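Notes for the structure review
Below are the chains, spelled out letter by letter.
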Amino acid sequence: PRGKPVHAALPFNAEFQRKLIKLALVDDGFCTQALRFLTPEMFSSAGMRWAWQQVVIERQAKRTPTLLVLHDRVRHLDPTIQPRMRATVEAVENEILREEQYVRHALAEFVQRNMFVAAFKDSQMLYNRNKFDDAVDLMRRESDKIQQINFDQADRGWFFEELDERQRLRKHRADTAWEHTFPTGVTLIDNVMDGGLWRGALGCWMADTKGGKSLVLMHLTGFAVRAVQSRTLMMLFEGSRRQAEDRLDTWFIQALYRDVKHGVLTREEYDRLQYEYRQLARLLVVRAFTKSWHHTAADIRIELDELRSTHGWVPDLIVADYGDLLRSQDRNVRSEEQHQRDAFGDLKVISTQDRGYGVWTASQAQRPGKPGKDGKKQGTYRYGRRVLTANDLADSYNKARRVDFLGSINTTEEDRDNSETWLYADRCRDNRAGVLARCK
């Protein structure tokens, strides 16, 4: 969106403002974004107002502002103010950007809040003039702009010059694989993904109606927390939080769901739960969005920002139960195919934001066709079993193009009687798939 300067003083201390100026001087993309909203008058000291004014002047002249430019400009100032401005520039230069991501997010939240206040006042003015439709339309337009505010660094690199850095990162990832992969606990499936779903990836499990989508997502949540201590955010778009928490307690204690649901646990079982949960404290947040059927990926983004700013908590893994229930952020969309295509695209975007999240979700499969002449149902067969593949996705095949891993949950009545299911890895962006795993 085209930015208008925010007419409010920066609510950050001097250290934060110096870091903001330094980030603008070392990251040209951030500088371009910040200049759309920030003016010199918003900074708290004369030195920082002068420094930001130089940044504005350089960009207006189509040049890239740098610390060297600021040092040179100080030399040409009146001798009476030179010491103060030189001290400011040196303080900016000496700042260490360890909290770069926090600076980006905090500034984005500040701009979003001020844009909302301005839009609210304009909308209220229209409403008071009995222009109700215009007031609603204005808030919708501005809300869309607010959601697009993003000060994250562009995902860009100079390929040939960065070989050493790529190799360093590869070795680091190999040494700390548990920090950026989220295993399923099913060895055959994890092998397809080189250990599990990775940061920046969107994984999807497909199943028939009542085919176990929520139960598999529940298992993936519990396993990520218990096995690799991953901070996990579980987002519910159907059912209730109470029901989901009953199922999670059931998973952790390995009791019968009906017993947990009615509070029928032995003292030993309850003590065991309490002991483990103390070790896993602050690793899992369950958030329900079940009062409306019109939620979008923007609600997930808002929840991530709220958890970060209010609780200082950032997840490693996001589990969205489930993707088909999300709507497009484009309010003009009417078809179910486009809603689901856009929603999965938005989930993929979220997986790449910040330092990358793993995102698990699920999708509905089409109703199976009638059996053919040989008595078999139409579809894909592996090892003599019919398995769901991308061709069986309901409503929008384009969902398959947006996910990095697509698996399916395949359970017949006979399998249910034997307490079994078969997980099929249909496709994986990095490796060959086509693997079928039998699970109890």
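Rules used in this analysis
Residues numbered from 1 in each chain as written. Predicted model: local features only at pLDDT ≥ 70, side-chain atom pairs only at ≥ 80, totals over all residues. Heavy atoms only, no water. Pairing = 2+ DSSP bridges. Helix = DSSP H or I, 4+ residues; strand = E, 2+ residues; numbered from the N terminus. Salt bridge = Lys/Arg side-chain N within 4 Å of Asp/Glu carboxyl O. Axes fitted to C-alpha atoms, helices over the stretch in contact; angles between N-to-C directions. Contact = heavy atoms within 4.5 Å. Parallel < 35°, antiparallel > 145°, perpendicular 65-115°, else oblique. Nonpolar A, V, L, I, M, F, W, Y, C, P; charged D, E, K, R; others polar. Core = buried A, V, L, I, M, F, W, Y, C linked by side-chain atoms within 4.5 Å. Buried < 20%, exposed > 50% of the residue type's maximum accessible area, 1.4 Å probe, protein only. Phe/Tyr/Trp six-rings, centres within 6.5 Å; stacked < 30°, edge-to-face > 60°. Lys, Arg positive; Asp, Glu negative; His and termini not counted. Patch = residues over 30% accessible without salt bridge, like charges linked within 9 Å, V, L, I, M, F, W, Y side chains within 5 Å. Areas by Shrake-Rupley, 256 points an atom, 1.4 Å probe, with all protein chains shown as cover. Polar contact = N/O pair within 3.5 Å; in protein donor to acceptor, adjacent residues only side chain to side chain.

Attention shifts here to the pairing of strand β12 (residues 435-439). Side chains on a regular strand alternate between the two faces of the sheet. Inspection of the sheet shows strand β11 (residues 421-428) paired to β12 by five bridges, in the antiparallel sense. Pairing of A425 across the sheet is with V435, part of β12.

We now examine the pattern of salt bridges. On inspection of all chains with the given rule, the structure shows 32 salt bridges. Between E15 and K19 there is a salt bridge whose closest N-O contact spans 3.9 Å. Of this pair, E15 and K19 both sit in helix α1 (residues 14-26), four residues apart, roughly one helical turn. Taking the shortest distance from any N to any O, the salt bridge between E100 and R104 comes out at 2.6 Å. Of this pair, E100 and R104 both sit in helix α6 (residues 100-128), separated by four residues, roughly a single helical turn.

The strand order across the open sheet formed by eight strands is β5-β4-β6-β7-β3-β10-β11-β12, and the pairing between neighbours is mixed. Two strands bound the open sheet, and with one partner strand each, they are β5 (284-288) and β12. The average undirected angle you get between the axes of adjacent strands in this sheet is 20°. In the sheet, strand β4 (residues 232-236) pairs with strand β6 (residues 317-321) via five bridges, with the strands oriented parallel. The residue of β6 that forms the bridge with M235 is A320. Together, β4, β5 and β6 form the strand contacts of helix α15 (residues 297-311), whose direction differs from that of β4 by roughly 140°. Here helix α16 (residues 336-352) sits on the sheet in contact with β3 (202-207), β6 and β7 (358-364), set at roughly 165° to β7.

On to the packing of α6 against helix α7 (residues 132-147). Running from N to C, α6 and α7 cross one another at 170°; their axes reach a closest spacing of 8 Å. Between α6 and α7, the angle is such that the two are roughly antiparallel. Contacts between α6 and α7 involve Q112, M115, F116, A119, F120, D122, S123, L126 and Y127 on the former and, on the latter, F132, D134, A135, L138, M139, E142, K145 and I146. Taken together, the residues of the contact of α6 with α7 sort by class into eleven nonpolar, two polar and four charged.

Core analysis: the largest hydrophobic core is formed by 62 residues, its most contacted members being I189, W205, I300, W360 and F405. Not counting residues up to four positions away in its chain, the partners in contact with F405 are I189, V192, M193, L202, G203, C204, W205, W360, A425, R427 and C428. By size, the runner-up hydrophobic cluster in this structure holds 38 residues, among which are L10, F37, F43 and F151.

The next thing to look at is the packing of aromatic side chains. Counted by the stated rule, this structure contains 15 aromatic pairs. Aromatic pair F37 and F151: ring centres 6.1 Å apart, planes at 70°, arrangement edge-to-face. Placement of F37 in the loop between α2 (28-35) and α3 (46-60) and of F151 in the loop between α7 and α8 (163-175) is noted, with a sequence separation of 114 residues between them. The exposure classification of F37 matches that of F151, with both residues buried. Considering the side-chain rings of F252 and Y277, the 5.5 Å spacing of their centres and the 85° angle between planes classify their relative orientation as edge-to-face. Taken together, the positions of F252 in helix α12 (residues 241-253) and Y277 in helix α14 (residues 267-279) put the pair 25 residues apart, joining distant regions of the chain. What links up through ring pairs into an aromatic cluster is the set F12, F16, Y102 and F110.

As for its placement among the helices and strands, D190 is situated in helix α10 (residues 187-192). Among buried charged residues, D190 stands out as having no salt bridge; its nearest opposite-charge side chain is R226, 14 Å away. Apart from residues lying up to four places away in sequence, D190 is in contact with P183, T184, G185, G195 and G196.

Our focus in this paragraph is a nonpolar patch on the surface. Taken together, the side chains of F116, V117 and F120 present a nonpolar region at the surface, about 270 Å² in accessible area. Residue position: V117 is located in helix α6.

Turning our attention to the side chain of T361. Structurally, T361 can be placed in strand β7. Judged by its relative accessible area of 0%, T361 falls in the buried class. At 2.7 Å, the side chain of T361 forms a polar contact with the backbone nitrogen of G323. Setting aside anything within four residues of it in sequence, one finds T361 in contact with L202, G203, C204, W205, L217, A320, Y322, G323, F344 and L347.

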